[in-house]
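Architecture and fold: a report
Residues per chain are reported as follows:
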Amino acid sequence: GAVVSQHPSRVICKSGTSVKIECRSLDFQATTMFWYRQFPKQSLMLMATSNEGSKATYEQGVEKDKFLINHASLTLSTLTVTSAHPEDSSFYICSARAERGWDEQYFGPGTRLTVT
Amino acid sequence: EDKVVQSPLSLVVHEGDTVTLNCSYEVTNFRSLLWYKQEKKAPTFLFMLTSSGIEKKSGRLSSILDKKELFSILNITATQTGDSAVYLCAGGQNFVFGPGTRLSVLP
């Protein structure tokens, strides 16, 4: 149980375009989903936390107008990188937490974004 | 601001050695500390620790939390080459991650 999927696993896009990444909890309902970004040989950096049905909470330094997060249902959250630039190239990972008070979070396999 | 520190940042050992990885934290609204193993892709869950002094064990891996001193350790005994990975700990309300310890186990 507790499987999280991400789609796509890899995407290449041109500068100026937008890219949407989906994160789904497959066998549980995720009240909270987290979006992380990871550069090579670095740790995970939390970008934002989203709760189903409410606006995402962004970490300091993360532009909310650039990284749009929508947690429309208990099994789906999306991250849209708008007007992508090469410096947005990174590994984006989502995770999901099943219910309030249960702290285990399960990670999706990640999406590698390359902006050319 | 929540902060999680790990040491050492990297470690090279030989198969059969025992290693101890450290994680210290300063976080608000502490509820649990989590350990993950990351190989090529996304992290995989190892342990969740909520109470001081209670060791959690899974095979050759074990972990314990000290809430008074705000740290946790992850032990791996009889290491194998398959244990080579980055080990991450995370804590705080929104799971701030430490920088990770890169463990390399040589044959």
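The structure reproduced in this document is the subject of the present report. All values reported here derive from a predicted model rather than from experimental measurement.

Another aspect to go through is the packing of aromatic side chains. Scanning the entire structure with this criterion turns up 11 aromatic pairs over all chains. Between F28(A) and Y106(A), the aromatic rings sit 6.4 Å apart at their centres with planes inclined by 65°, giving edge-to-face as the arrangement. A residue pair is termed long-range when its members are at least 10 positions apart, and F28(A) in the loop between β3 (19–25) and β4 (32–38) and Y106(A) in strand β10 (residues 105–107) qualify at 78 residues. Each member of the pair F28(A) and Y106(A) is classed as buried. For the pair F107(A) and F97(B), a centre-to-centre distance of 5.8 Å together with 70° between the ring planes defines the contact as edge-to-face. Taken together, the residues F107(A) in strand β10 and F97(B) in strand β10 (residues 96–97) connect one chain to another. Accessibility expressed as a relative area gives 10% for F107(A), which makes it buried.

By size, the foremost hydrophobic cluster in this structure holds 26 residues, and its most contacted members are V4(A), W35(A), F67(A), L79(A), Y92(A) and L113(A). Elements with a contribution of two residues or more to this core: β2 (10–13), β3, β4, β5 (45–51), β7 (67–73), β8 (76–81), β9 (90–97) and β11 (111–115) of chain A. By size, the runner-up hydrophobic cluster in this structure holds 20 residues, among which are L33(B), L61(B), I76(B) and C89(B).

Take the environment of T82(A) next. All names here are of chain A. Following the sequence through the fold, T82 ends up in the loop between β8 and β9. Residue T82 is classed as buried on the basis of its relative accessible area, which comes to 18%. Among residues more than four places away in sequence, those in contact with T82 are T17, S18, D65, K66 and L68.

Now for the environment of T80(A). Residue and element names in this part refer to chain A. Inspection of the secondary structure assignment puts T80 in strand β8. T80 gets classed as buried once you look at its relative accessible area, which sits at 15%. Dropping the residues within four chain positions of it, T80 is found in contact with S18, V19, K20, K66, F67 and L68.

Reading guide: rules and limits
- Residues numbered from 1 in each chain as written.
- Chains lettered and ligands numbered in written order.
- Predicted model: local features only at pLDDT ≥ 70, side-chain atom pairs only at ≥ 80, totals over all residues.
- Heavy atoms only, no water.
- Phe/Tyr/Trp six-rings, centres within 6.5 Å; stacked < 30°, edge-to-face > 60°.
- Helix = DSSP H or I, 4+ residues; strand = E, 2+ residues; numbered from the N terminus.
- Buried < 20%, exposed > 50% of the residue type's maximum accessible area, 1.4 Å probe, protein only.
- Core = buried A, V, L, I, M, F, W, Y, C linked by side-chain atoms within 4.5 Å.
- Contact = heavy atoms within 4.5 Å.

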